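Observations on the three-dimensional arrangement
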There are 2 protein chains.
Amino acid sequence: MRITSETISDGIREQLFTIGDIPGVLWTPAGSSGPRPLVLIGHGGGQHKKGWEVVSRAFPYVTTCGFAVAAIDAPGTGDRPEHPEIRRLVALIQEREAAGESFWLAPEWPALNETVAAQLIPDWQTALDALQKLDHVGDSHPVGYYGLSQGGEMGIRLVAAEPRITAAVLGLVGSDWLINTAARITIPVEFVLQWDDDSNPRDSVMKLFDALGSAEKTLHANPGSHFRVPSFEIDSSIQFFARHLGSAGTASDS
Amino acid sequence: MRITSETISDGIREQLFTIGDIPGVLWTPAGSSGPRPLVLIGHGGGQHKKGWEVVSRAFPYVTTCGFAVAAIDAPGTGDRPEHPEIRRLVALIQEREAAGESFWLAPEWPALNETVAAQLIPDWQTALDALQKLDHVGDSHPVGYYGLSQGGEMGIRLVAAEPRITAAVLGLVGSDWLINTAARITIPVEFVLQWDDDSNPRDSVMKLFDALGSAEKTLHANPGSHFRVPSFEIDSSIQFFARHLGSAGTASDS
């Protein structure tokens, strides 16, 4: 891991890093040292590691809970190079959208997710290895994952594959090809649904919630379209992670 | 209002009262005076004002938020006299249940709810009038309502009828005759659903959630049967009421 920049602002230390060709960012409380819970945040489609939906979660997790929070760019986004195959698939899907078709019914949609996941899931695991070697993250505290939309699609795959992650906020995804993967998840999950999400029909999201193998899982459904998750769900995710990951310097109590 | 007993335990003052023939209980922080937000808790069917599901919510609302919390017995329960018509309807429903029928499909079920509501809704409003005259409750702070199951069935009717209530946790109810009443509700609502609730099928509960006229409404769905609402939903309701009712001595900020 190479730290490429470090800035401190509003009580938060932001470190940009690369691990091989993986660009990432780590936020921790300014001046903190020693191990603490870590939350990985997976960004949405077309966004990047410092997109608004990542930062709006990361900052309160750091300042309220004292957590470390990390995000990495998905293939073809942010500081990553162009990814020709992803670019080709996105262009085909955009053509269909322009013709009035639903992107999530496009035959290229599962292929796009497979292509992103094939690189992103191992990259997350490589990043987690490296992050846990840092003094101000460590490997003695639990790890959480937060991701909606593409971050939920990738999160279901990552959480099912990665035993170090012990609590997750997921959602805004209803991909039927994830049913069997979701069934392998057994950790506590908070699952977010937008009641009027055109691209993730209510029933498909609930089917995926239903499939989760977790004994503790809660569906949080709110009115509105895909991008209108209310801000009080950020507070709810803070409560959820505080309950399951504990806090900096203490072990989790559940 | 006549206070019939007062005890203090674990930092909570418990006052039993009667208003005419309405028996009730009020919990406030021990030694507190002055106005504060008030939460009314509606108990479940066959329960009473000091049932476990009431007390398990009331106590943390008082100790964590400094709220006043009140509950009254529904007709025919607790310290109320026998109610012959309710008794007759319950007996008929129990006969059907013994014969293997679903109580919520029994023709007596809507009649039972109508009979309870006809007395309980005006009684709640009378109790609220009296409670707001007390120095340690007052009428300068917002009022919330919490009720699941029969407490949800009655709560939807009460909240639709009572403009002093400005935030409510409701749920475990899917009565189709409440659709129009639910549509008249416009305050923020947290709506609780148990995913495997035999007596309130998922779809019927969601239909009622969908019908709510509130701009802010959140469905919280958890696995398990009717009585298995997880305890973290108590914490969630604390966050919800703290957000909407403010706290003792301060105005609400939302």
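The model shown is predicted, which means the values in this text are computed figures rather than measured ones.

**Here we look at the relation of the copies chain B and chain A**
For the pair chain B and chain A, the superposition axis carries a translation of 0.0 Å, the fit reaches an RMSD of 0.0 Å, and the rotation angle comes to 180°. Taken together, the rotation angle and the small translation identify this as a two-fold axis. Proximity to the rotation axis, assessed at the C-alpha, singles out His220 of chain B in chain B; its C-alpha lies 2.5 Å from the axis. Both copies share a contact surface, since 100% of the interface residues of chain B are interface residues in chain A too.

**Digging into the packing of aromatic side chains**
Residue and element names in this part refer to chain A. Taken as a whole and judged by the stated rule, the model has 16 aromatic pairs over all chains. Look at Tyr61 and Phe241: their rings are 5.5 Å apart centre to centre, the planes differ by 80°, and that puts the pair in the edge-to-face class. Of this pair, Tyr61 sits in helix 1 (residues 52-65) while Phe241 sits in helix 7 (residues 232-245); the two residues are 180 residues apart in sequence, bridging distant segments of the chain. Take Tyr61 and Phe241: they sit in the same class, and that class is buried. Where Phe103 meets Trp109, the ring centres are 4.8 Å apart and the plane angle is 80°; that geometry is what we call edge-to-face. Taken together, the ring pairs in this structure connect Tyr61, Tyr146, Phe240 and Phe241 into an aromatic cluster. Stacked on the ring of Phe209, the Lys or Arg Lys217 has its end atom at 5.1 Å from the ring centre.

**Let's talk about the interface of chain B and chain A**
Residue-level contacts link 18 residues of chain B with 18 residues of chain A. Surface buried jointly by chain B and chain A totals about 1,600 Å² across both partners, of which 62% is contributed by carbon and sulfur atoms. Contact with chain A buries surface across chain B, with Trp195, Pro223 and Phe232 of chain B losing the most and accounting together for 31% of the total. If you look at where chain B meets chain A, you find seven residue pairs in polar contact (both at pLDDT 80 or more). Every element with two or more residues in the side of chain B that touches chain A is listed here: helix 6 (202-211), strand 9 (217-222) and helix 7 (232-245) of chain B. Grouping the amino acids of the side of chain B that touches chain A by side-chain chemistry returns eight nonpolar, four polar and six charged. Pairing of strand 9 (residues 217-222) of chain A with strand 9 of chain B, which is carried by three bridges, proceeds in the antiparallel orientation. By the bridge assignment, His220 of chain A is partnered in strand 9 of chain B with His220 of chain B.

**What to know about the nonpolar core**
Counting residues in each nonpolar core, the largest one holds 107 residues, and the members touching the most others are Leu38, Tyr145 and Phe191 of chain A together with Leu38, Tyr145 and Phe191 of chain B. Core analysis: the next-biggest nonpolar cluster, separate from the first, contains 25 residues, Phe67, Ala71, Tyr146 and Leu148 of chain A among them.

**Quick word on the pattern of salt bridges**
Residues and elements named next belong to chain A. In total, this model carries 28 salt bridges over all chains according to the counting rule given. One salt bridge connects Glu101 with Arg96, and the closest N-O pair in it is separated by 3.2 Å. Classification of Glu101 as partly exposed rests on a relative accessible area of 39%. As a salt-bridge pair, Arg157 and Glu114 come within 3.1 Å of each other at their nearest N and O atoms. Separated by 43 residues along the polypeptide, Arg157 in helix 4 (residues 150-161) and Glu114 in helix 3 (residues 108-131) bring together distant segments of the chain. Using a relative accessible area of 13% as the deciding quantity, one classes Arg157 as buried. Several salt bridges converge on common partners, so that one network encompasses Lys49, Asp73 and Asp79.

So, how was this worked out
Residues numbered from 1 in each chain as written. Chains lettered and ligands numbered in written order. Predicted model: local features only at pLDDT ≥ 70, side-chain atom pairs only at ≥ 80, totals over all residues. Heavy atoms only, no water. Least-squares fit on C-alpha atoms with pLDDT ≥ 70 in both. Contact = heavy atoms within 4.5 Å. Phe/Tyr/Trp six-rings, centres within 6.5 Å; stacked < 30°, edge-to-face > 60°. Helix = DSSP H or I, 4+ residues; strand = E, 2+ residues; numbered from the N terminus. Buried < 20%, exposed > 50% of the residue type's maximum accessible area, 1.4 Å probe, protein only. Lys NZ or Arg CZ within 6 Å of the ring centre and 35° of its normal. Buried area = accessible area lost by both parts, 1.4 Å probe. Polar contact = N/O pair within 3.5 Å; in protein donor to acceptor, adjacent residues only side chain to side chain. Nonpolar A, V, L, I, M, F, W, Y, C, P; charged D, E, K, R; others polar. Pairing = 2+ DSSP bridges. Core = buried A, V, L, I, M, F, W, Y, C linked by side-chain atoms within 4.5 Å. Salt bridge = Lys/Arg side-chain N within 4 Å of Asp/Glu carboxyl O.

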